[in-house]
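Working through the structure, step by step
Read off the chains here:
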Amino acid sequence: MTRDFIHINDFIILVEEANSTKIEVDSCRFDEPIVGVAFYGSGNVDLTVKYHQNQKKFQYTKGLSLSFYADEQVEFEHTVSPNKNLKCIVVATKLSNMELLPNQEGELFSDLLKELVNPKASYVEGPCFYMIPEMENIVDAFFSNSYSGKTKMMFFRSHITALLSHFFGQLAIKQEEVSKPKHRKQLDKAKDILLENLDNPPSLSELSQAIGFNTTSLKKEFKAIFGVPVFKYLQNERLISAHKLISEKEATVQEAAWQVGYDSLSSFSNAFVKRFGYRPSQIK
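How each quantity is defined
Residues numbered from 1 in each chain as written. Predicted model: local features only at pLDDT ≥ 70, side-chain atom pairs only at ≥ 80, totals over all residues. Heavy atoms only, no water. Pairing = 2+ DSSP bridges. Helix = DSSP H or I, 4+ residues; strand = E, 2+ residues; numbered from the N terminus. Axes fitted to C-alpha atoms, helices over the stretch in contact; angles between N-to-C directions. Salt bridge = Lys/Arg side-chain N within 4 Å of Asp/Glu carboxyl O. Buried < 20%, exposed > 50% of the residue type's maximum accessible area, 1.4 Å probe, protein only.

**Focus: the sheet that holds strand β3 (residues 24–28)**
What the four strands build is an open sheet, ordered β3-β8-β5-β6; its pairing is antiparallel. Each end of this open sheet is capped by a strand with a single partner; those strands are β3 and β6 (54–58). Neighbouring strand axes in the sheet, compared pairwise and without regard to direction, differ in orientation by 20° on average. As judged from the five bridges shared by β3 and strand β8 (residues 75–80), these two strands associate in the antiparallel manner. Paired with Cys-28 across the strands is Phe-76, a residue of β8.

**A look at the pattern of salt bridges**
A full pass over the atoms with the stated rule returns 12 salt bridges. With a closest N to O distance of 3.0 Å, Arg-3 and Glu-16 form a salt bridge. Of this pair, Arg-3 sits in strand β1 (residues 2–8) while Glu-16 sits in strand β2 (residues 11–18), placing them 13 residues apart in sequence. The buried category is assigned to Glu-16, whose relative accessible area is 1%. The salt bridge partner of Asp-46 is Lys-84, with a shortest N-O separation of 3.3 Å. Placement of Asp-46 in strand β5 (residues 46–51) and of Lys-84 in the loop between β8 and β9 (86–94) is noted, with a sequence separation of 38 residues between them. Sharing partners across several salt bridges, the network here consists of Arg-3, Glu-16 and Asp-26.

Quick look at the structure:
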């Protein structure tokens, strides 16, 4: 388990990473009231938020962005296991520093996260949604860069600004959209079906039938919740899975393409370049 605290302006950046061959539990607290946003990278580590006699559990955290207010009584507990590793970035600011944030960031917090800036409990959960690909790329970059010293700090500063810009941009969009909360469970089911069938996904019609939607509603509400159309989400997950297989030397480029459902190696390579900026054969 590695945990680094980085101070940039009046933000506290917590970078956490953990892999384990067995089930391990790690917890942390903040030493004074903060407002923060957690961004989860690859892996589906379990998260339990404990405060007083209450608990809130999150089981599917890959790609999740979670905003919250927490005081000193709140404990964040991650359960890491062989198939559920931790890669998490928390961007937080002390509640007392809210007005000191640069570039009108304090106003964004106050306007879009009112319930967190004016909390009525030890733990208050704010907006929570799955990141768009641009946000996922930024989070991945935190755990793959090789910079050090002043260069690393410059890298972190620019990427945190970009990550927060995307977060507040998506939050503003979502607050304008009319989404039916009762459908969230069905949309999560649709996402899980796609993830379980990367190599042979259902058609849009089949997926709609599986969750009891019509295709128009599925396309509209899936994008509203997850930020991208159904099959753009599928393509992103295919390419991320293939990248992992190749980088961890679990498959050749051809094998990885087949395993995530690409029949054409050239189509796979072209899609890979668009997603990551380099070809799969260039992974070292």
